[in-house]
Amino acid sequence: MTKAFASQADLADKKITFQQLSAHCWAYTAEGDPNSGVIIGDRYILVSDCTATPAMARDLIARIRTVSDKPIKYVLLTHYHAVRVLGASAYVAEGATEIIASQGTYELIVERGKEDMQSEMERFPRLFRNAETVPGLTWPTMVIGGGDPARGEVPGKLTLDLGGVQVQIWHPGPGHTRGDTIAWVEQEKVLFSGDLVEYDAGVYTGDAQLEEWPATLEALRRLHAEALVPGRGEAMQGNAQVNKALDYTKRWVETLFRAGREAAAANMDLKAAMAHARKSMDPVFGHVFIYEHCLPFDVSRAYDEARGIKNPRIWTAERDKEMWAALQA
């Protein structure tokens, strides 16, 4: 029986939780759907990852308004994927004046933002209900440059004072994409990781830098966070739980990339590489949310990177479906 493409059969709404993690930090989670983070200061609010559409963003805004009337001045794009960023326009009416991203994320929007938007809209019909409210690509107004930590260089860092709480924003190294950006509230030990870290959900790696990702996770571990808002999955509280999420993501990445390298070394085709990856991935991760959606894209990227394609090939709606059909044949 042919599987429904990506998440096209996933149409049931998820239970949303808006949870306070510390004096100023909140997590907006939805049973494995993309998460958002909220940091509420005495003067301003920052939202980390702003949902797939303005219509979806309004639900997050309504929850924020149950606890604060301060302007939502800052929106952080932890990376460029459409399900994370296309709701940004809804925050303008709430006071947003700055949309923040790393230089790497800005470059990815230029390089493949349009293609990614169409691709993800077709992969996630439930998340892109009311897609007609999206005015177009989301572009940053504030770009953080600086060096690449993976090369031992000092990354650019932005520190925002929201009033009573400071937020550090920087690129800790490549992983989920080459432009991943975190928000770190050091005084409360709360980390907003975006899709660099996931827990008990599929880890999408279709645009990843798999070889470098584990080192970036270890850089995050050295922060000794006491709370974490991952890209997907429940918010983690306590350092042991944060490490559990880091370990989960690292195991996924390393298991997947090992299978990709083995498949490339054996000169398998993509379908054989998929079957080979399932031998090690299915027993550990096969039960988690969005696993069957992620795995074909993940294996495709792992196989490419293992064969020396360092910059991920652009996913288009057409390429998505060609790949999916080839694996189902």
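Everything numeric in this text was worked out from a predicted model, so none of it was measured. For every chain, the first residue of its written sequence is number 1, and the numbers climb from 1 along that sequence. With pLDDT at 70 or above as the cut-off, local features in this predicted model cover only qualifying residues; side-chain atom pairs require 80 or more to be listed or tallied, and sums for whole chains, interfaces and linings still use all residues. Side-chain metrics rest on all non-hydrogen atoms present in the structure, leaving aside hydrogens and water.

### With respect to the overall build of the chain
Secondary structure assignment for the chain yields 8 helices and 13 strands. Here the chain has a C-alpha radius of gyration of 19 Å; the compact-globule value for 329 residues is 20 Å, and the two agree. In terms of principal-axis extent, the alpha carbons of the chain reach across some 55 × 45 × 35 Å. The buried label applies to any residue whose accessible area, calculated with a 1.4 Å probe on protein chains only, is under 20% of its type's maximum; exposed applies above 50%, and partly exposed to all values in between. Looking at the 329 residues of the chain, the share that counts as buried comes to 58%. Going along the chain from the N terminus, every DSSP run of H or I of four or more residues is numbered as a helix, and every run of E of two or more is numbered as a strand. Note that the radius of gyration is over C-alpha atoms, with the globule rule given as 2.2 Å times the number of residues to the power 0.38.

### Quick word on the pairing of strand S8 (residues 157-161)
Side chains of S8 alternate between two faces, with Leu-158 and Leu-160 buried and Lys-157, Thr-159 and Asp-161 left unburied. Only strands joined by at least two bridges in the DSSP assignment are considered to pair. Hairpin connection of S8 to strand S9 (residues 166-170): 4 residues between the antiparallel strands, including Gly-163 at a positive phi of 95°.

### Looking at the nonpolar core
Residues Val-38, Tyr-91, Phe-128 and Trp-252 are the most contacted members of the largest nonpolar core, which totals 83 residues. Looking at this core, the element that brings in the most residues is helix H5 (residues 239-265), giving 11 residues. Each residue touching Trp-252, except ones within four places of it in the same chain, is listed here: Ala-201, Gly-202, Val-203, Thr-205, Met-281, Phe-285, Val-288, Tyr-291 and Asp-298. Residues belong to a common nonpolar core when they are buried Ala, Val, Leu, Ile, Met, Phe, Trp, Tyr or Cys residues joined through side-chain atoms within 4.5 Å. Core analysis: the second largest hydrophobic core is formed by 22 residues, Ala-27, Val-165, Phe-192 and Val-229 among them. For this analysis, residues touch if any pair of their heavy atoms sits within 4.5 Å.

### Focus on the sheet that holds S9
Across the sheet, which stays open at both edges, the 6 strands sit in the order S8-S9-S10-S11-S12-S13 with mixed pairing between neighbours. Edge strands, defined here as strands with exactly one partner in the open sheet, are S8 and strand S13 (236-237). In terms of strand pairing, strand S10 (residues 182-185) meets strand S11 (residues 190-194) through 3 bridges, oriented antiparallel. Pairing of Trp-184 across the sheet is with Leu-191, part of S11.

### Focus on helix H3 (residues 103-123)
Since there are 3.6 residues in each turn of an α-helix, residues three or four apart along the chain are aligned in direction. Throughout, bend refers to the angle between the axes fitted to the seven residues that end at a position and the seven residues that start at it. Where H3 bends most, the angle comes to about 70°, and this point is Arg-112. Inspection of H3 places Gly-104, Thr-105, Leu-108, Ile-109, Arg-112, Gly-113, Asp-116, Met-117, Ser-119, Glu-120, Met-121 and Arg-123 among the buried residues, and these make up the whole buried set. For H3, the elements touching its buried residues are helix H2 (82-85), strand S6 (98-102), helix H7 (291-306) and helix H8 (317-328).

### Examining the side chain of Thr-105
Locating Thr-105 in the fold gives a position in helix H3. Discounting residues that sit within four places of it in the chain, Thr-105 has contacts with Thr-78, His-79, Tyr-80, Gly-179 and Thr-181.

### Quick notes on the packing of H5 against helix H6 (residues 270-285)
Where H5 meets H6, the closest approach of the two axes is 8 Å, and the angle between their N-to-C directions is 155°. Viewed along their axes, H5 and H6 adopt a mutual orientation that is roughly antiparallel. The handedness of the crossing between H5 and H6 is right-handed. Contact residues: Tyr-248, Arg-251, Trp-252, Thr-255, Leu-256, Ala-259, Glu-262 and Ala-263 in H5; Ala-273, His-276, Ala-277, Ser-280, Met-281, Val-284 and Phe-285 in H6. Classification used: nonpolar for Ala, Val, Leu, Ile, Met, Phe, Trp, Tyr, Cys and Pro, charged for Asp, Glu, Lys and Arg, polar for all others including Gly. Among the residues forming the contact of H5 with H6, the class breakdown is 10 nonpolar, 3 polar and 2 charged. Between N-to-C directions, angles cover 0 to 180 degrees, with each direction set by a line fitted to C-alpha atoms, over the stretch in contact for helices. These descriptions rest on fixed angle ranges, namely under 35 degrees for roughly parallel, over 145 for roughly antiparallel, 65 to 115 for roughly perpendicular, and the rest for oblique. Left-handed describes a crossing in which the near helix is turned anticlockwise from the far one by less than a right angle; the clockwise case is right-handed.

### Points about helix H4 (residues 213-221)
Listed in full, the buried residues belonging to H4 are Trp-213, Pro-214, Thr-216, Leu-217 and Leu-220. One face of H4 carries all of its buried residues, which in axial projection span an arc of 160°. Lining the buried residues of H4 we find S10, S11 and H5. This arc is built from the directions going out from the helix axis to the C-beta atoms.

### Notes on the sheet that holds strand S5 (residues 72-76)
Hydrogen bonds between backbone atoms are what pair the strands of a sheet, whose relative direction is either parallel or antiparallel. Spatially, S1-S2-S3-S4-S5-S6-S7 is the arrangement adopted by the 7 strands of the open sheet, whose pairing is mixed. Because the sheet does not close on itself, it has two edges, and the strands there are strand S1 (17-20) and strand S7 (142-144). Averaged over all pairs of adjacent strands, the angle between strand axes in this sheet comes to 20°, irrespective of strand direction. Here strand S2 (residues 25-30) pairs with strand S3 (residues 33-40) via 5 bridges, running antiparallel.

### Structural notes on the environment of Glu-254
Tracing the backbone shows Glu-254 in helix H5. Separated by 74 residues in the primary sequence, Glu-254 and Asp-180 place their C-alpha atoms 18 Å from one another.

### Some points on the pairing of S9
Among the 5 residues that make up S9, 4 are buried, leaving the element largely enclosed by the rest of the structure. In the sheet, S8 pairs with S9 via 5 bridges, with the strands oriented antiparallel. Residue pairing across strands places Asp-161 opposite Gln-166, the latter belonging to S9. Relative to S10, S9 is paired through 3 bridges, and the arrangement is antiparallel. Following the sheet pairing, Trp-170 is matched in S10 by Ile-182.

### Observations regarding the pattern of salt bridges
In what follows, salt bridge is the name for a side-chain nitrogen of Lys or Arg lying within 4 Å of a carboxyl oxygen of Asp or Glu. Within this structure, the stated rule accounts for 24 salt bridges. Between Lys-310 and Glu-211 there is a salt bridge, with its nearest N and O atoms 3.5 Å apart. One end of the pair, Lys-310, is in the loop between H7 and H8; the other, Glu-211, is in the loop between S11 and H4, and 99 residues separate them in sequence. Looking at Glu-211, the relative accessible area reads 54%, which means it is exposed. Among the charged side chains, a salt-bridge network with shared partners connects Glu-211, Glu-212, Arg-301, Glu-305 and Lys-310.

Honestly, it's all geometry; don't read function into it.
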